[in-house]
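Each chain is listed here by its residues.
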There are 2 protein chains.
Amino acid sequence: MTKMDRMKGAAALPLNTILAGDCVAEMAALPAGSVDLIFADPPYNLQLKGDLRRPDNSRVDAVDDAWDRFEGFSSYDSFTRAWLREARRLLKPDGAIWVIGSYHNIFRVGAALQDEGYWILNDVVWRKSNPMPNFRGKRLTNAHETLIWASRSEGARYTFNYEALKALNEGIQMRSDWVLPICTGGERLKDAAGEKAHPTQKPISLLHRVLVGCTKPGDVVLDPFFGTGTTGAVAKMLGRDWIGIEREESYRTVAETRIAQVRKFDKAALEVTRPKRAEPRVPFGQLVERGMLRPGETLVSATGKSARVRADGTLVGLDVTGSIHQVGAALEGAPSCNGWTYWHFVRDGVTVPIDVLRQQIRAEMQGSG
Amino acid sequence: MTKMDRMKGAAALPLNTILAGDCVAEMAALPAGSVDLIFADPPYNLQLKGDLRRPDNSRVDAVDDAWDRFEGFSSYDSFTRAWLREARRLLKPDGAIWVIGSYHNIFRVGAALQDEGYWILNDVVWRKSNPMPNFRGKRLTNAHETLIWASRSEGARYTFNYEALKALNEGIQMRSDWVLPICTGGERLKDAAGEKAHPTQKPISLLHRVLVGCTKPGDVVLDPFFGTGTTGAVAKMLGRDWIGIEREESYRTVAETRIAQVRKFDKAALEVTRPKRAEPRVPFGQLVERGMLRPGETLVSATGKSARVRADGTLVGLDVTGSIHQVGAALEGAPSCNGWTYWHFVRDGVTVPIDVLRQQIRAEMQGSG
DNA sequence: TCCGCTGCTGAATCTGATA
DNA sequence: TTATCAGATTCAGCAGCGG
């Protein structure tokens, strides 16, 4: 594909609309390499037989819709591989996919993902804080669903906002198990008759975490099983573009009304904690040029090693000369070393990491734009 | 099979011993329909490439054993289907199987189980209370493993001690997610050199829950990937018969010594299974994800300071960005600050501490362990 | 004996910008 | 495309030691 083709394709993308039809056919009509993230909540192939009743004999409203009926595993597999293949064609090279499912279908989906060339990054457990109990006492309470996060291929440079998710989790890195309530109450959409509009509406909180963690503002998010449009609603809130595909007219109607009512968060609120790597690079030599460190001055490490600063911003250790990183690594016998945190200078008897000086320079750069 | 055959087969069973050899060949030599429960911890096919270092530069001791190396998915699939087929032949008609794995292999195992005619009853998530973190900040902490529980076939009358598991869970129906620590400390078996005897020893608490829930005293439990014999040790404690199969002599030696030391119904060993209950930690970000607070919304303090909420659960104050605690401390010039009581939101003209929202979330989590 | 501090470790598919 | 090198990155639990 030429750059021109891709630009043409991108221009043709039906952003922020719901396409009516079968997801494989609709995806086939979209341009390759045009989507940043796909979130998919495919039919679970539940294979329910008769009714299920609660201990008080009331009937459980199960998923018995036509779209969840398949002939058998082989038919479900063909369906799965067909939509996963089209989805992969649509993804940009560094794009990624999330798929949610239960034990009825997730193993087949996961194996198909691997067979189609996707590269699994994590499986994530959505642990429901308020699941439906097991009424018969014949099994464990089915209290979770599984999500799979995969990049388009091995080695792809997928988007992962590590610091943002860490911030969401109060400073501790986000784990693969997420405790979130199921979608109930005011969030649960109702149809005209007051019945739930969709049997398996996903909670906003789930999509919020996925989109904050794995997309950037302005990214294109595709949901091939749009349902009542949680993906679109959250994408809009977060300032991402979205495309939905949905066969059932009744779901599309509910989704359109819903998304129209969503307000985008304001720009400042969408800013997210950024990684250090995104900050401007400051060469160590600048600390010397600016006179923050004197040539000839001795730097020390917490492990008791020392080295002397030279005018060109290199260090001289016992036997070694080189960058702050190289000398640190050599003195420790380590394969690598972050010299910024390893080396310290001494002022008025106090030992200070040289990284503090780098932060001063960065702060100045901020102020001067 | 006649009743006579089955009795002959049962009589020939090598109970409470470890068979040396490849599990497919060893299972093929055992009589059909003779086993009540199988617990299997097959190789995960991790496909690790280079080595991994912690931020302090120490090297992670990875699973690089020969038994975890496969040519590719197709080779792993053949292996999986071969042992699952033999395992199914050995099961009594009402027998069941548990298999444990990670995202590297569990999807292939689950699909194979279904294809071979097993009937999945639950997938169970082992949520590790103390997993290894993600050192490079490139993915989510891999904090769980998945177990699949399946009966030999659809409609089988498998053993499930509903009341026993409910009692283990302090009177509440057992859920499909189990919080248990990984195997460390005194429980972790060491070799003569003081190194861990097996790279992936499973905790007693995990097997305890499986065997209490899915076997009866006197049942025969088979583990085709016996390793250092946690399955055998727990079976002996609980008065079940066991059969192990293990290729590696070093593992068999450790397992034999270990199981010889186990006393039936060792009370102290059973203590391990009681989960510790602490007040669950609720990250501030969850209030945002759940829509209790809106990104862009302003929080205020009793001292007249204010800050705005961002989508990743951080706050922006006058000059500071960070957690609710960090921003509160900075604005007050204090070394620390409890953001939960310091910050308030405004609804209908009323100022409410954000801690009220945390209490709401905790109330939802109550009773769901 | 208790407390705090340091150090070590666990089934892990673990970098990215620039030349 | 490949080589080079700067430099970013961790949580819970247990053992051992010193005061």
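Residues numbered from 1 in each chain as written. Chains lettered and ligands numbered in written order. Predicted model: local features only at pLDDT ≥ 70, side-chain atom pairs only at ≥ 80, totals over all residues. Heavy atoms only, no water.

Enquirer: Would you mind going over the sheet that holds strand β10 (residues 306-309) of chain B in detail, with residue names and values included?
Expert: Judged by pairing direction, the sheet is antiparallel, and its six strands sit side by side in the order β12-β11-β10-β9-β13-β14 (chain B) without closing on themselves. Where the open sheet ends on each side, the last strands, each with one partner, are β12 (321-322) and β14 (350-353) of chain B. (Pairing = 2+ DSSP bridges. Helix = DSSP H or I, 4+ residues; strand = E, 2+ residues; numbered from the N terminus.)

Enquirer: How would you summarise the protein's contact with DNA strand C if you had to cite specific residues and measurements?
Expert: Residue and element names in this part refer to chain B. Surveying the vicinity of DNA strand C reveals 40 residues, the closest of which are Q47, R54, Y103, M132 and R136. Of what DNA strand C places within 4 Å of the protein, 47% of the atoms are sugar or phosphate. Y44 is positioned such that a nitrogen or oxygen atom in its backbone is 3.0 Å from a base nitrogen of DNA strand C. N142 is positioned with one of its side-chain polar atoms (N or O) 3.0 Å from a sugar or linking oxygen of DNA strand C. (Near = heavy atom within 4 Å. Polar contact = N/O pair within 3.5 Å; in protein donor to acceptor, adjacent residues only side chain to side chain.)

Enquirer: Could you give me a rundown of the environment of B:T146, with the residues and numbers involved?
Expert: Relative to the helices and strands, B:T146 resides in strand β5 (residues 144-151). For the pair B:T146 and B:G72, spaced 74 residues apart in the sequence, the C-alpha separation amounts to 21 Å. Once residues lying within four places of it in the same chain are set aside, the contact partners of B:T146 are A:D123, B:V99, B:I100, B:G101, B:I106, B:D123 and B:V124. (Contact = heavy atoms within 4.5 Å.)

Enquirer: Summarise the UniProt feature "domain: DNA methylase N-4/N-6" (unreviewed entry) in chain A; cite the residues concerned and give the values.
Expert: Residues given the UniProt feature "domain: DNA methylase N-4/N-6" (unreviewed entry) here are residues 35-256 of chain A. As annotated, residues 35-256 of chain A comprises 28% helix and 22% strand, and the C-alpha atoms at either end are separated by 21 Å. (UniProt positions renumbered as here; feature names shortened; annotations may be inferred.)

Enquirer: Please set out the protein's contact with DNA strand D residue by residue, giving values where relevant.
Expert: Near DNA strand D there are 28 residues, and of these A:Y162, A:K166, A:Q173, A:H325 and A:R358 occur at the shortest range. The protein-proximal atoms of DNA strand D, defined as those within 4 Å of the protein, are 59% sugar or phosphate. A:K166 places a polar side-chain atom, nitrogen or oxygen, 2.7 Å from a phosphate oxygen of DNA strand D. At a separation of 3.4 Å, a base oxygen of DNA strand D approaches a polar backbone atom of B:P131. When residues of the surface near DNA strand D are traced back to their parent elements, those giving at least two are α5 (162-168) and α11 (324-332) of chain A.

Enquirer: Explain unusual backbone geometry to me, and be specific about the residues and the numbers.
Expert: All names here are of chain A. The backbone of N45 sits at a positive phi, close to 55°, despite the residue not being glycine. Structurally, N45 can be placed in the loop between β2 (35-40) and α3 (73-90). Classification of N45 by relative accessible area gives buried; the value is 4%. (Buried < 20%, exposed > 50% of the residue type's maximum accessible area, 1.4 Å probe, protein only.)

Enquirer: So what's going on with the interface of chain B and chain A? Residues and values would help.
Expert: By a frequent convention, interface size equals the accessible area lost on bringing the separate parts together. Taken together, the 76 residues of chain B in the interface contact 75 residues of chain A. Both faces considered, chain B and chain A share a buried interface measuring about 6500 Å² in area, 49% of it formed by carbon and sulfur atoms. Three residues stand out in chain B for area buried against chain A, namely B:F107, B:L140 and B:E289, and they jointly supply 13% of the buried area on that side. Applying the counting rule to chain B against chain A returns 40 residue pairs in polar contact (both at pLDDT 80 or more). (Buried area = accessible area lost by both parts, 1.4 Å probe.)

Enquirer: Could you give an account of the pattern of salt bridges, with specific residues and numbers?
Expert: Enumeration according to the criterion identifies 37 salt bridges over all chains in this entry. Measuring nitrogen to oxygen at the nearest pair gives 2.4 Å for the salt bridge that ties A:R209 to B:E289. With A:R209 in helix α6 (residues 204-214) and B:E289 in helix α10 (residues 285-289), this pair bridges two chains. Comparing A:R209 with B:E289, the two get one shared label, buried. Here B:D36 makes a salt bridge to B:K92, at a shortest N to O gap of 3.1 Å. Of the two residues, B:D36 is situated in strand β2 (residues 35-40) and B:K92 in strand β3 (residues 91-101); the sequence distance between them amounts to 56 residues. By relative accessible area, which is 17% here, B:D36 ends up buried. It is possible to trace a salt-bridge network through shared partners that takes in A:R127, A:R175, A:D177, B:R127, B:R175 and B:D177. (Salt bridge = Lys/Arg side-chain N within 4 Å of Asp/Glu carboxyl O.)

Enquirer: Describe in detail the UniProt feature "domain: RAMA" (unreviewed entry) in chain A, supporting the description with residues and values.
Expert: When the UniProt feature table is mapped onto this chain, "domain: RAMA" (unreviewed entry) is found at residues 268-366 of chain A. Secondary structure across residues 268-366 of chain A divides into 33% helix and 21% strand, with the first and last C-alpha atoms of the span separated by 17 Å.

Enquirer: So what's going on with the confidence of the model for chain A? Residues and values would help.
Expert: For chain A, the mean per-residue pLDDT works out to 93, and 96% of the residues sit at or above 70. Taken together, the stretch residues 1-10 of chain A has pLDDT below 50 and engages in four contacts with residues farther than four places along the chain or on a different chain. (pLDDT = per-residue confidence, 0-100.)

Enquirer: Which residues make up the packing of helix α6 (residues 204-214) of chain B against helix α7 (residues 230-237) of chain B, and what values do they have?
Expert: Residues and elements named next belong to chain B. It is the contact of α6 with α7, at a shortest axis distance of 9 Å, that shows an interaxial angle of 55°. With respect to their mutual orientation, α6 and α7 come out oblique. Where α6 crosses over α7, the handedness of that crossing is right-handed. Residues I204, L207, H208 and L211 of α6 lie in contact with α7, whose contacting residues are T230, T231, V234, A235 and M237. (Axes fitted to C-alpha atoms, helices over the stretch in contact; angles between N-to-C directions. Parallel < 35°, antiparallel > 145°, perpendicular 65-115°, else oblique. Left-handed = near helix turned anticlockwise from the far one by under 90°.)

Enquirer: Residues and numbers for helix α3 (residues 73-90) of chain B, please.
Expert: All names here are of chain B. Between its terminal C-alpha atoms α3 stretches 26 Å, which fits the 26 Å expected from 18 residues at 1.5 Å a residue. Among the residues of α3, Y76, D77, T80, W83, L84, E86, A87 and L90 are the ones counted as buried. Packed against the buried residues of α3 are α2 (23-28), β2, β3, α4 (106-115) and β7 (220-223). (Expected span 1.5 Å × (residues − 1).)

Enquirer: An account of the environment of A:D51 is needed here, citing residue identities and associated values.
Expert: Residue and element names in this part refer to chain A. Structurally, D51 can be placed in the loop between β2 and α3. Remark: the alpha-carbon pair of D51 and A233, spanning 182 residues in sequence, is separated by 33 Å. Excluding anything up to four places from it in sequence, D51 contacts R59 and R136. Among the polar contacts made by the side chain of D51, one reaches the side chain of R59 at a distance of 3.0 Å.

Enquirer: Explain the sheet that holds strand β4 (residues 119-128) of chain A to me, using residue names and the numbers behind them.
Expert: Residues and elements named next belong to chain A. A sheet is described by the order of its strands in space; here eight strands give the open sequence β1-β8-β7-β2-β3-β5-β4-β6, paired in mixed fashion. A strand with exactly one partner marks an edge of an open sheet, and here the two such strands are β1 (17-20) and β6 (177-180). Going across the sheet, the axis of each strand differs from the next one's by a mean of 20°, ignoring polarity. Where strand β3 (residues 91-101) meets strand β5 (residues 144-151), six bridges bridge the pair, whose relative direction is antiparallel. Residue pairing in the sheet places V99 in a bridge with I148 of β5. Together, β2, β3 and β7 (220-223) form the strand contacts of α3, whose direction differs from that of β3 by roughly 145°.

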